[in-house]
Amino acid sequence: MSRVRTVLGDIGPEELGVCDAHDHLFLRSVQLPGRELDDVDAARAELAAFRAAGGAAVVQWTPYGMGRRAAELPGLARSTGVRLVCATGLHQAAHYGEELPARLRGAGLADLFVTELTEGIGTTGVRAGLIKVAGGFHGLDAHARRTMTAAAEAHHATGAVIAVHLELGTGALDVLDLLCGELGVPGERVVLGHLNRFPDPVVQRQAAESGCWLAFDGPSRAHHATDWHMPDALRALVEAGFGERLLLGGDTVAAGARSVDGGPGMPYLLRRVRPRLARAVGAELVDRILGEHPGQAFAVNWK
């Protein structure tokens, strides 16, 4: 039976509800000094605002070593009524500095992912519900190949979905060649993130042909230059027959981007993005993208 693994336990895919399929409550990176998402009260307020806008669930893509604060997530889920899914995995090496990637270059990386998916993150008892990895700009470096290989091993051991940060939206076909071609991960078990940041219709259609999930996860304050392409990109994919492979998220990565700190934040996905896309592809499809597709994408027959 397919189940979505939330921080409060496994649920049926139909129970997830209206979902922000890619976002962050907590995040810390050496690439974002002074902009950390590390405030529990602000996270609670952001979830409450998302709930008030009609949201029911958030998939947090923050991976290992980037300040997930997994121990806080069950309490936040209970107090706000928003279902939360947490990630294991590893981001680009640049987000960690010099020490952390060096400690995780051995054969134990896949074991770490499996442990966090099946037993829990540290001593928190919170189990991850997906594996987050990252590509590079128009390609894959050695770190990306190593982490994706470990993610594929963990997928084959558990069934978990692999969610991929595409750097500025690029490198989708390289990622699919590696994960689905060389490493044998089924396309439907891969989520490609940030496709809105590189709105190439040819690449997006080629990626969709693999059967993977296509995540359009903006706006992000640093990437507004491509936001206006999103309705046309979704319309083109729908017309090509890929409307049932789409996901939407907010991807709040810095404190100033939260709605409670003056940014668009999680509510913007429902308040502004939803009606805008409904004009392009119809309200019925957008309702499914938000309310049904995330449950299908992140539900797993857990091994």
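These notes cover the structure that comes with them. (Residues numbered from 1 in each chain as written. Predicted model: local features only at pLDDT ≥ 70, side-chain atom pairs only at ≥ 80, totals over all residues. Heavy atoms only, no water.)

### Let's talk about the pairing of strand S9 (residues 190-193)
Quick reminder of the rule: Burial classification: accessible surface area is computed with a 1.4 Å probe over protein chains only, and a residue below 20% of its type maximum counts as buried, one above 50% as exposed, and the rest as partly exposed. What counts as a helix is a DSSP run of H or I of at least four residues, what counts as a strand is a run of E of at least two, and both are numbered from the N terminus. The pairing criterion is simple: DSSP has to find at least two bridges between the two strands. A crossover counts as right-handed when, viewed with the strands pointing away from the observer, the path leading from the first strand over the helix to the second turns clockwise.
Neither face of S9 is exposed, since Val-190 and Leu-192 on one face and Val-191 and Gly-193 on the opposite face are all buried. The pairing of strand S8 (residues 162-165) with S9 spans four bridges and is parallel. Residue Val-164 lies in a different strand from S9, and its bridge partner there is Leu-192. With respect to chirality, the unit in which S8 leads through helix H6 (residues 172-182) into the neighbouring parallel S9 is right-handed. Here S9 pairs with strand S10 (residues 213-217) via two bridges, running parallel.

### Here we look at the packing of helix H8 (residues 230-239) against helix H9 (residues 267-281)
As a reminder of what qualifies: Under this scheme, a helix contributes an axis fitted over its contacting stretch, all axes are lines through C-alpha atoms, and angles between N-to-C directions fall in the 0 to 180 degree range. Roughly parallel here means an angle under 35 degrees, roughly antiparallel means over 145, roughly perpendicular means 65 to 115, and every remaining angle is called oblique. The handedness criterion is simple: a crossing whose near helix is rotated anticlockwise from the far helix by less than a right angle is left-handed, and one whose near helix is rotated clockwise is right-handed. In this description, contact between two residues means that some pair of their heavy atoms is separated by no more than 4.5 Å. Following the grouping adopted for this structure description, the nonpolar residues are Ala, Val, Leu, Ile, Met, Phe, Trp, Tyr, Cys and Pro, the charged ones are Asp, Glu, Lys and Arg, and the polar ones are all others, Gly among them.
Contact geometry for H8 and H9: axes closest at 9 Å, N-to-C directions at 45°. Judged on the interaxial angle alone, H9 and H8 are oblique. Handedness of the H8/H9 crossing: right-handed. Where H8 abuts H9, its residues Met-230, Pro-231, Leu-234, Arg-235 and Val-238 lie against Val-273, Arg-276, Leu-277, Ala-280 and Val-281. Per-class residue counts for the contact of H8 with H9 are eight nonpolar, no polar and two charged.

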